[in-house]
Amino acid sequence: MDRLIYLDNAATTKTAPEVVDAMLPYFSEYYGNPSSVYSFASQNKDEIIKQREIIAGALGAKSNEIYFTAGGSESDNWALKAAAEAYRNKGNHIITTKIEHHAVLHTAEYLENQGFEITYLDVDENGVVKLDELKAAVRPETILISIMFANNEIGTIQPVKEIGEIAKENGILFHTDAVQAFGHVPIDVDELHIDMLSASGHKLNGPKGIGFLYIRKGVKIRSFIHGGAQERKRRAGTENVPGIIGLGAAVKRAVCTMSERSGKEKELRDYMIDRIEHEIPYAKLNGHRTNRLPNNVNFSFRFIEGESLLIMLDMKGICASSGSACTSGSLDPSHVLLAIGLPHEIAHGSLRLSLSDETTKEEIDYVVDSLKEIVDRLRGMSPLYEDFIKKQNK
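This structure is a prediction, so every number in the text was calculated from the model and none was measured. (Residues numbered from 1 in each chain as written. Predicted model: local features only at pLDDT ≥ 70, side-chain atom pairs only at ≥ 80, totals over all residues. Heavy atoms only, no water.)

Asker: Give me the sheet that holds strand β12 (residues 350-354): which residues, what numbers.
Answerer: Taken in spatial order, the 3 strands make up an open sheet running β9-β10-β12, and their pairing is antiparallel. Two strands in the sheet have a free side with no partner beyond their single neighbour: β9 (283-285) and β12. Here the average twist between neighbouring strands, direction ignored, is 25 degrees. On top of the sheet, helix α9 (residues 241-279) reaches β9, β10 (296-301) and β12; it is set at about 15 degrees to β10, its chief contact. (Pairing = 2+ DSSP bridges. Helix = DSSP H or I, 4+ residues; strand = E, 2+ residues; numbered from the N terminus. Axes fitted to C-alpha atoms, helices over the stretch in contact; angles between N-to-C directions. Contact = heavy atoms within 4.5 Å.)

Asker: Which residues make up the pairing of strand β5 (residues 142-146), and what values go with them?
Answerer: Where burial is concerned, most of β5 is hidden: 5 out of the 5 residues are buried. As paired strands, strand β3 (residues 93-97) and β5 are joined by 3 bridges and run parallel to one another. When the bridges of β5 are listed, His-93 appears paired with Thr-142. Bridging between β5 and strand β6 (residues 173-177) involves 3 bridges; their strand directions are parallel. Each bridged residue has a counterpart across the sheet, and for Ile-145 the counterpart in β6 is Phe-174. Between β5 and its parallel partner β6, the chain crosses via helix α7 (residues 160-169), and the hand of that crossover is right-handed. (Buried < 20%, exposed > 50% of the residue type's maximum accessible area, 1.4 Å probe, protein only. Right-handed = clockwise from strand over helix to strand, strands pointing away.)

Asker: Let's hear about the nonpolar core: which residues, and what values?
Answerer: Ranked by internal contacts, the top residues of the largest apolar core, which has 61 residues, are Leu-59, Phe-149, Phe-182, Ile-187, Ile-194, Leu-197 and Phe-212. Counting residues per element, this core draws most heavily on α9, at 8 residues. With 27 residues, the next largest nonpolar core counts Ile-280, Leu-309, Ile-318 and Val-367 among its residues. (Core = buried A, V, L, I, M, F, W, Y, C linked by side-chain atoms within 4.5 Å.)

Asker: An account of the sheet that holds strand β2 (residues 66-69) is needed here, citing residue identities and associated values.
Answerer: Strand order in the open sheet formed by 7 strands is β2-β8-β7-β6-β5-β3-β4, with mixed pairing between adjacent strands. Edge positions in the open sheet fall to β2 and β4 (117-121), since each of these has one partner strand only. With strand direction ignored, the average angle separating the axes of adjacent strands in the sheet is 20 degrees. The sheet strands contacting helix α4 (residues 72-86) are β2, β3, β5, β6, β7 (196-200) and β8 (211-215), and the helix crosses β7 at an angle near 160 degrees.

Asker: Lay out the packing of aromatic side chains in plain terms, naming residues and giving numbers.
Answerer: Taken as a whole and assessed by the stated rule, the structure comprises 11 aromatic pairs. With 5.0 Å between their ring centres and 90 degrees between their planes, Tyr-282 and Phe-388 make a pair best called edge-to-face. Within this pair, whereas Tyr-282 is found in the loop between α9 and β9, its partner Phe-388 is found in helix α14 (residues 383-392), the two being separated by 106 residues in sequence. Consider the rings of Phe-303 and Phe-388, whose centres lie 4.9 Å apart with planes at 45 degrees: the pair is tilted. Of the two residues, Phe-303 is situated in the loop between β10 and α10 (306-315) and Phe-388 in helix α14; the sequence distance between them amounts to 85 residues. In this structure, Phe-303 and Phe-388 share a single accessibility class: buried. Members of the aromatic cluster, each reached through a chain of ring pairs, are Tyr-282, Phe-303, Tyr-385 and Phe-388. Directly above the aromatic system of Tyr-67 lies the positively charged group of Arg-232, at a separation of 4.2 Å from the ring centroid. Above the plane of the ring of Phe-388 lies Arg-302, whose end atom (NZ or CZ) is 4.9 Å from the centre. (Phe/Tyr/Trp six-rings, centres within 6.5 Å; stacked < 30°, edge-to-face > 60°. Lys NZ or Arg CZ within 6 Å of the ring centre and 35° of its normal.)

Structure (structure tokens):
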């Protein structure tokens, strides 16, 4: 392979060099267990406190509201399961949406089997929650609203502040899965009335296997892992010190570069969208045109199978996806694309391209030129496309 163009940053990102450098000493030099009493180990405890403060500062939160986890999926599970258990005496109703990550949807299904009632809200054609339907879904027994900050497939950013206001007015907890948004767009938990927030290190040039759950002080939530006093007795287990150091370094980097990085990504994103829309017929942009993540491009190409498209892109050194990496082995069309109203046959031809601050205009041009060639080739082998063109020419 002559070249590699990585446009699957929504699945994972490259760990930044400065993040790796920050982590390395904690594998073999400062390897003490933070729970030990001697100074060699307690210095690691001090470093964990520093990283907690960095992360809290990025959210406008307090450091004692940040709980380290193994990643976004664990954080989502913790938020839903522990809140459901803690507030069960108040009610058994939870509201979420049909376009959540499966870490939320499958946890919601689990809770249904435990006797909880779940309302799965529809979204509009851009993937945006309808606030009037959210208000209508609220009941006296509603204890939790869990709606993602930005969708991992189509990039649409939700009206988080308005959702938070609805939750606050009704005395309901508001959790948001911010795995795709944190470090990419500004977030202030007080301004947005967020009670719990999930995030993951490897989505913002940090290491894999580390994330956090923000839990607002005063929220009554149970321990998720029992066995020790770590994370203020809410998540037992020896802390992942290198991972926490790496997460803190990644967050610091993301905050410092956010404005410049998002500006560059938006410019390239819009350039790519414009080229695809003007040069590839029967291509549909998925997600909100402007109110979307800075680095997200998602298209559906009619008369195309997404799997074939991905394989041929890979042969040209282009890494992309058809949706969430967590469902890459599934033959079913994306639940997100079905939820925004795409028919199965069009949803099957979807492509997600997610940029980074290292992506160049030259790479975008190469990808779009390759896409044009591949789409034309695949449609040339499609009897459905042939029939469609014949009907168009009549």
